[in-house]
Amino acid sequence: MIEHLLHPRITENKDWATLLFVMSFLIIALTKSVFENRFGDFINLIFSDKYIKVYKDSSHLKSGFTISLFFVQVVSLAFFIQISLSIFGYASKTDWLLYIQIITFLIFFILAKYLIEKIIATSFNIEDFMEHFNLQKVTYRTYIGLFILPINIILFYYDAVSKNIPLIIIGLILAINMLTYLISIKNYQNVIFGKLFYFILYLCALEIAPYYFMYYWFTKGIA
């Protein structure tokens, strides 16, 4: 008598990811149609600094353009983090509960960091500089989020991915962030050098320490 062993077929649910990808592109398309000229300048950010010069007023930090693309940025970065963890064998890229945890942490981290920066900027009397500095950071990081969104789609639906790919992308993100700081220092050198101590304290407290503790927590957590 032949015995048949039945093995359960495990299928990965990717519908939630597809929905988020489609929603992100719909938001991008809607933003492009509403802010056509601004979106065109934003897309050319890598080739020209026109966008930074035209939309340098701090009021643009809370505009509909910035907020809508901020949502896309967070969705994209959360996907990249989860996919990277999957590539290195620490998580599953189709785990939607993990994705919710990652995106919730990102939103909380960004908003909490922004509020703390506002408090410190008010205490040090450098509000104007911090508003412009934050706007510039948000602009470049949103650009990164949009740039890696199509890459996330490829990495999510393609299984055989080299570990070098996320490392290269992380390297590019770090390089762009460093470029952002250099551009900000150049643009606001008079303000920075006038309050150099406060600026160094800000960098150590809010730009270096949080990411160091995140790295320490993550490496200890997976050890």
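Residues numbered from 1 in each chain as written. Predicted model: local features only at pLDDT ≥ 70, side-chain atom pairs only at ≥ 80, totals over all residues. Heavy atoms only, no water.

## Here's the deal with the overall build of the chain
Here is step 1 of the chain: The number of helices and strands found in the chain is nine helices and zero strands.
Here is step 2 of the chain: Each helix and strand of the chain, placed in order from N terminus to C terminus, yields the pattern α-α-α-α-α-α-α-α-α.
Here is step 3 of the chain: Relative to its full complement of 223 residues, the chain shows a buried share of 39%.
Here is step 4 of the chain: Long-range pairs, those at least 24 residues apart, make up 78% of the contacts in the chain between residues at least 6 apart in sequence.
Here is step 5 of the chain: Per element, the accessible surface of the chain, about 13900 Å² overall, is 70% carbon and sulfur. (Helix = DSSP H or I, 4+ residues; strand = E, 2+ residues; numbered from the N terminus. Buried < 20%, exposed > 50% of the residue type's maximum accessible area, 1.4 Å probe, protein only. Contact = heavy atoms within 4.5 Å. Areas by Shrake-Rupley, 256 points an atom, 1.4 Å probe, with all protein chains shown as cover.)

## A few points about the pattern of salt bridges
Here is step 1 of the chain: Under the counting rule described, the total for this entry stands at two salt bridges.
Here is step 2 of the chain: Residues Asp41 and Lys50 are paired through a salt bridge, measuring 3.7 Å at the closest nitrogen-oxygen approach.
Here is step 3 of the chain: Accessibility expressed as a relative area gives 16% for Asp41, which makes it buried.
Here is step 4 of the chain: Ionic pairing is found between Asp159 and Lys93, a salt bridge with its closest N-O pair at 3.0 Å. With Asp159 in the loop between α6 (127-157) and α7 (164-187) and Lys93 in the loop between α4 (64-87) and α5 (96-124), this pair connects stretches of sequence that are 66 residues apart.
Here is step 5 of the chain: Residue Asp159 is classed as exposed on the basis of its relative accessible area of 61%. (Salt bridge = Lys/Arg side-chain N within 4 Å of Asp/Glu carboxyl O.)

## Examining the environment of Tyr181
Here is step 1 of the chain: With respect to the helices, strands and loops of the structure, Tyr181 is situated in helix α7.
Here is step 2 of the chain: Residues Tyr181 and Phe133 lie 48 residues apart in sequence; the distance between their C-alpha atoms is 8.6 Å.

## Observations regarding the packing of α5 against α6
Each packed pair of helices is defined by two parameters, the angle between the axes and the distance between the axes.
Here is step 1 of the chain: Viewed as axis vectors pointing N to C, α5 and α6 meet at an angle of 155°, and their least axial separation amounts to 8 Å. As summarised for this structure, α5 and α6 are arranged roughly antiparallel, according to the angle between their axes. Classified by chirality, the crossing of α6 by α5 is right-handed. Contacts between α5 and α6 involve Lys113, Tyr114, Glu117, Lys118, Ala121 and Thr122 on the former and, on the latter, Glu127, Met130, Glu131, Asn134 and Lys137. (Axes fitted to C-alpha atoms, helices over the stretch in contact; angles between N-to-C directions. Parallel < 35°, antiparallel > 145°, perpendicular 65-115°, else oblique. Left-handed = near helix turned anticlockwise from the far one by under 90°.)

It is worth stressing that arrangement in space is one thing and function is another; only the former is reported here.
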